[in-house]
2 protein chains.
Amino acid sequence: MSRPSSWNRREVMQLGLAAGAWAAWPGPSSRASERVTSSSQAAEERLVLFQGDSITDAGRDRQRRGGNDPRAFGFGYAFLAGAAMLAALPDKGLRVYNRGVSGNKVPDLDRRWEPDALNMKPDILSILIGVNDIWHKLGGNYDGTVEQYEQGFVALLARTREALPEVQLVVCEPFVLRCGAVTDKWFPEFDQRRASARRVAEQAGAKWVPFQSVFDVAIKQAPPEYWAGDGVHPSMAGHALMAQTWLETVDPFAG
Amino acid sequence: MSRPSSWNRREVMQLGLAAGAWAAWPGPSSRASERVTSSSQAAEERLVLFQGDSITDAGRDRQRRGGNDPRAFGFGYAFLAGAAMLAALPDKGLRVYNRGVSGNKVPDLDRRWEPDALNMKPDILSILIGVNDIWHKLGGNYDGTVEQYEQGFVALLARTREALPEVQLVVCEPFVLRCGAVTDKWFPEFDQRRASARRVAEQAGAKWVPFQSVFDVAIKQAPPEYWAGDGVHPSMAGHALMAQTWLETVDPFAG
């Protein structure tokens, strides 16, 4: 396992990895030496909220609503990224929440957006949504088109920006791996939906977390099943790769 | 949040951190460029086993016995370190298991050691044990002395080494934070037990993961309660700090 001192950005770029992929996990803030004498609580709270579907939900206990509560997080990238943030930024007054709900599509987020996002007043709001919008359609349980996905997502973020002008939006790239439930039937529509999500992110001034790009590289190192058995829900390895990518891309509260 | 390129080892040392503490999380293996063309499964399996008490157990589902199963891990450092390993070393055939059991002391490990450790034939066996050995004694439910802790721990590792001559042993430093349940009554006996564990590690040729040293630095950045509310069971932040420390110290399958 490499150490920071031997980690070589050029080497990573040679692998053709997207910027931000395969990032090392956070060490101490570069300003840690300024902080070490202070053990006071942070003056203000900063709230990080993960939103999405089952990939974000990851089996969390939905009866637990508090921040920074491991049992409220499930076993996914939100827990892994949240824990790393809390360790790396102990003086930032971070409160991290997971409100992903299995099975959700864009319209489902829209329906529960007021209690589960807007009223929480997050400083950083991360959204991963899209795989059910196509999966349920392929299964005959939904009829939303690509255009409806994009329009609904645009409207959701516009509504969010209006309620929370200062929020830092993060849009995560929907992704699948070609194994398990993911057959040729998913394409090219899935790629169209990825392109939609990217346009939505750009239009909203959101950070873009390139999960699909990262998994496309990862499958050169281990088979798709290693990263997500059914092609949709990541393994431990897949979730850890997502968390690393999220942290490196979002770079929460940098500077 | 710092990036590897800005991570500064000297800066960390200035904080008085023990070697290995505050490590950046794993990036790609330095040999990743050799691996990227290979998507074959690893030729052999390598088994990593976490053993200990409730800190290791961390609420895991004990009905689930499989490796690399997130729901079998609980919400602790074993999950965080395991996930990071699986992402960083996708071609090593890693199988990671958690067999920590809440409330365990050294004699409890000894009783379940054959099915829960020896028969599993781990390549890396990590053990964190000791806090209940004193806690239960302070509570009047146990009468084991410091000497009995050390002798029992020595015997456990000798038995392990005899059954598994090639195993890489990892002994984690028992730790407490001075808050919650941890009162002055715990000292100096707790420090004596830490010293015992360290002697046990050295005698067995085990790697030593300096959790107490790391938490002693961490409490300069945020109060003890931030890292472990009751002084014994780590928060998300505390578990993430442990996982980082474990990974940097153990450096699994380096080279």
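Scoring rules and cut-offs
- Residues numbered from 1 in each chain as written.
- Chains lettered and ligands numbered in written order.
- Predicted model: local features only at pLDDT ≥ 70, side-chain atom pairs only at ≥ 80, totals over all residues.
- Heavy atoms only, no water.
- Buried < 20%, exposed > 50% of the residue type's maximum accessible area, 1.4 Å probe, protein only.
- Helix = DSSP H or I, 4+ residues; strand = E, 2+ residues; numbered from the N terminus.
- Pairing = 2+ DSSP bridges.
- Phe/Tyr/Trp six-rings, centres within 6.5 Å; stacked < 30°, edge-to-face > 60°.
- Lys NZ or Arg CZ within 6 Å of the ring centre and 35° of its normal.
- Axes fitted to C-alpha atoms, helices over the stretch in contact; angles between N-to-C directions.
- Contact = heavy atoms within 4.5 Å.
- Polar contact = N/O pair within 3.5 Å; in protein donor to acceptor, adjacent residues only side chain to side chain.

Draft legend 1. Spotlight on the pairing of strand 3 (residues 124-128) of chain B. Residue and element names in this part refer to chain B. Burial of strand 3 is extensive: 5 of the 5 residues sit out of reach of the surface. Bridge count between strand 1 (residues 46-52) and strand 3: 5 bridges; the pairing is parallel. Of the residues in strand 3, the one forming a bridge with V48 is I124. Summarising the sheet, strand 3 and strand 4 (residues 168-172) pair through 4 bridges and their orientation is parallel. Counted as the bridge partner of L125 is L169 from strand 4.

Draft legend 2. Quick look at unusual backbone geometry. Here the bond from F187 of chain A into P188 of chain A is cis, since omega is 5°, no more than 30 degrees from zero. Within the secondary structure layout, P188 of chain A lies in the loop between strand 4 (168-172) and helix 9 (189-204). The backbone phi angle of A58 of chain A is positive, close to 55°, even though this residue is not glycine. Among the secondary structure elements, A58 of chain A is positioned in the loop between helix 3 (54-57) and helix 4 (77-88). With a phi close to 45°, D251 of chain B is a non-glycine residue in the positive phi region. As for its position among the elements, D251 of chain B is in the segment after helix 12 (236-250).

Draft legend 3. Structural detail: the packing of aromatic side chains. Throughout the structure, instances matching the rule amount to 26 aromatic pairs over all chains. Centroid distance F50 of chain A to Y77 of chain A: 5.7 Å. Interplanar angle 85°. Geometry classified as edge-to-face. Of the two residues, F50 of chain A sits in strand 1 (residues 46-52) while Y77 of chain A sits in helix 4, which places them 27 residues apart along the sequence. By relative accessible area, F50 of chain A is classed as buried at 0%. In this structure an aromatic cluster arises from ring pairing among F50, Y77, F175, F211, F215 and W246 of chain A. The ring of F187 of chain B carries the charged tip of R178 of chain B above its face, separated from the ring centre by 3.6 Å.

Draft legend 4. A look at the sheet that holds strand 5 (residues 207-209) of chain A. All names here are of chain A. With parallel pairing, the 5 strands of this open sheet are ordered in space as 2-1-3-4-5. In this open sheet, the two strands that pair with only one neighbour each are strand 2 (94-98) and strand 5. Strand-to-strand twist in this sheet, taken as the mean axis angle between neighbours without regard to direction, amounts to 15°. Sheet topology note: the strand 4/strand 5 ladder contains 3 bridges and is parallel. Bridge pairing in strand 5 places V171 opposite W208. Contacts from helix 9 reach strand 4 and strand 5 within the one sheet, and its direction differs from that of strand 5 by about 155°.

Draft legend 5. How the structure looks around the side chain of H239 of chain A. Residues and elements named next belong to chain A. Structurally, the position occupied by H239 is in helix 12 (residues 236-250). For H239, a relative accessible area of 5% corresponds to the buried category. Here the side chain of H239 touches Y77 through a polar contact of 2.9 Å, landing on its backbone nitrogen. Sequence-distant contacts of H239, that is, excluding residues within four places in its chain, are made with I55, F75, G76, Y77, L80 and P234.

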